[in-house]
Amino acid sequence: MSLITASGLCKKYQSGDITVEAIKDATFTIEQGSFVAFVGPSGSGKSTLLNMVGCLDTPSCGNLKVLDTDVSTLSQKEAAIFRGKNIGFVFQDFNLIPVLSAYENIEYPLIMVQDWPAEKRHARVMELLEAVGMADQAQKQPGQLSGGQKQRVAVARALVTQSQLVLADEPTANLDSNTAHKVIDLMKEMREKFGTTFIFSTHDAKVMAEAEITFTLVDGEIVNKSKEGAHV
Ligand code: ADP
Ligand code: MG
């Protein structure tokens, strides 16, 4: 089943007299359970595309369906509800809440978005802490964790509400290459375990090699789709 279908998708930004076409005529599908990378140099449109898929930004033209919902027509409020229900986010700079422990950071979406009873919440947070290998660091605050550990917590937080889709915009940009690979491996492992679809962006050729499907962007256009190294 296609989780995401885009056709003729575009995004235009107006700055003064100049119109920037950040995404041009993008047509693609992403299947459920896939492990996908949007790759391309800085300014090629990776974040713009991820933001539209994540309902953080609205397309200027074209169609975009995510999980059978036409997300291009959602109001801001509807988009927020849709995101809370279906999509987890992982950021380049982790975006953990500094005064909360790893445990509390992962628990946060369950309190804010989904009204789970305390016992069920505890079991779910522990399951995720175990899954990302951070159970022994549960009480530490982000400031006491390494970059790789922080990103593990962020991946757990993105998954805790049983999101079907996780979007990660340059999740390895602030990590050394060894840690970067471990974080991508972890995301892959989580895809296996929970069946979650992952889409991440990167401009790092070594990191992109770990994706099963890559969409290459140049100046806002998808110029290539490849599957495990092969062109399709
Ligand atoms: P990437 O994530 O690949 O670095 P972006 O999606 O951030 O690329 O940007 C693509 C293009 O759109 C760039 O030319 C950028 O300057 C422009 N752009 C992105 N966001 C905005 C905005 N809010 N207003 C104006 N231009 C923008
Ligand atoms: Mg970007």
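Scroll up to find the structure this text is about.
Residues numbered from 1 in each chain as written. Chains lettered and ligands numbered in written order. Predicted model: local features only at pLDDT ≥ 70, side-chain atom pairs only at ≥ 80, totals over all residues. Heavy atoms only, no water.

## A few points about the site of ligand 1
Alright, step 1. Surrounding ligand 1, one finds Tyr13, Val20, Ala22, Pro41, Ser42, Gly43, Ser44, Gly45, Lys46, Ser47 and Thr48.
Alright, step 2. In the environment of ligand 1, an oxygen atom lies 2.7 Å from a nitrogen or oxygen atom belonging to the backbone of glycine 43.
Alright, step 3. A distance of 3.1 Å separates an oxygen atom of ligand 1 from a polar backbone atom of glycine 45.
Alright, step 4. Here ligand 1 has 560 Å² of accessible area as a free molecule, and 61% of this is covered by the chains.
Alright, step 5. Contributing elements (two or more residues each) for the shell around ligand 1: strand 2 (18-31) and helix 1 (46-53). (Near = heavy atom within 4 Å. Polar contact = N/O pair within 3.5 Å; in protein donor to acceptor, adjacent residues only side chain to side chain. Areas by Shrake-Rupley, 256 points an atom, 1.4 Å probe, with all protein chains shown as cover. Helix = DSSP H or I, 4+ residues; strand = E, 2+ residues; numbered from the N terminus.)

## A look at the state of the cysteines
By definition, a disulfide links the sulfur atoms of two cysteine residues through a covalent bond.
Alright, step 1. Throughout the structure, instances matching the rule amount to 1 disulfide.
Alright, step 2. Each disulfide pairs two cysteine sulfurs, and for cysteine 10 the partner residue is cysteine 61, the sulfurs being separated by 2.0 Å. Remark: cysteine 61 occurs in strand 4 (residues 61-66) and cysteine 10 occurs in strand 1 (residues 2-15); sequence separation between them is 51 residues. (Disulfide = S-S within 2.5 Å.)

## Remarks on a nonpolar patch on the surface
Alright, step 1. A contiguous nonpolar surface patch, about 380 Å² in accessible area, is contributed by Tyr108, Ile111, Met112 and Val113.
Alright, step 2. Its place among the elements puts valine 113 in the loop between helix 3 (102-112) and helix 4 (118-131). (Patch = residues over 30% accessible without salt bridge, like charges linked within 9 Å, V, L, I, M, F, W, Y side chains within 5 Å. Salt bridge = Lys/Arg side-chain N within 4 Å of Asp/Glu carboxyl O.)

## Things to note about the pairing of strand 7 (residues 165-169)
Alright, step 1. The buried fraction of strand 7 amounts to 4 of the 5 residues, a majority that puts the element mostly inside the structure.
Alright, step 2. In this view, the connection linking strand 7 to its parallel neighbour strand 8 (residues 197-202) by way of helix 6 (residues 177-194) has right-handed handedness. (Buried < 20%, exposed > 50% of the residue type's maximum accessible area, 1.4 Å probe, protein only. Right-handed = clockwise from strand over helix to strand, strands pointing away.)

## As for the packing of aromatic side chains
Alright, step 1. The full count for this structure, using the stated rule, is 6 aromatic pairs.
Alright, step 2. With 5.4 Å between their ring centres and 55° between their planes, phenylalanine 28 and phenylalanine 215 make a pair best called tilted. Of the two residues, phenylalanine 28 sits in strand 2 while phenylalanine 215 sits in strand 9 (residues 213-218), which places them 187 residues apart along the sequence.
Alright, step 3. Looking at phenylalanine 28, the relative accessible area reads 5%, which means it is buried. (Phe/Tyr/Trp six-rings, centres within 6.5 Å; stacked < 30°, edge-to-face > 60°.)

## Observations regarding the sheet that holds strand 5 (residues 69-70)
Alright, step 1. The strand order across the open sheet formed by 4 strands is 2-1-4-5, and the pairing between neighbours is antiparallel. Taken across any chain shown, the strands that pair with only one partner, and hence form the sheet edges, are strand 2 and strand 5.
Alright, step 2. Alignment of strand 4 against strand 5, held across 2 bridges, turns out to be antiparallel. Bridging from a neighbouring strand, valine 66 pairs with threonine 69 of strand 5. (Pairing = 2+ DSSP bridges.)

## Here we look at the pairing of strand 6 (residues 87-90)
Alright, step 1. Of the two faces of strand 6, the one holding Ile87 and Phe89 and the one holding Gly88 and Val90 are both buried throughout.
Alright, step 2. Judged from the 4 bridges that link them, strand 6 and strand 7 form a sheet pairing that is parallel. Among the inter-strand pairings, valine 90 is bridged to a residue of strand 7, identified as alanine 168.

What is shown is where atoms sit, not what they do.
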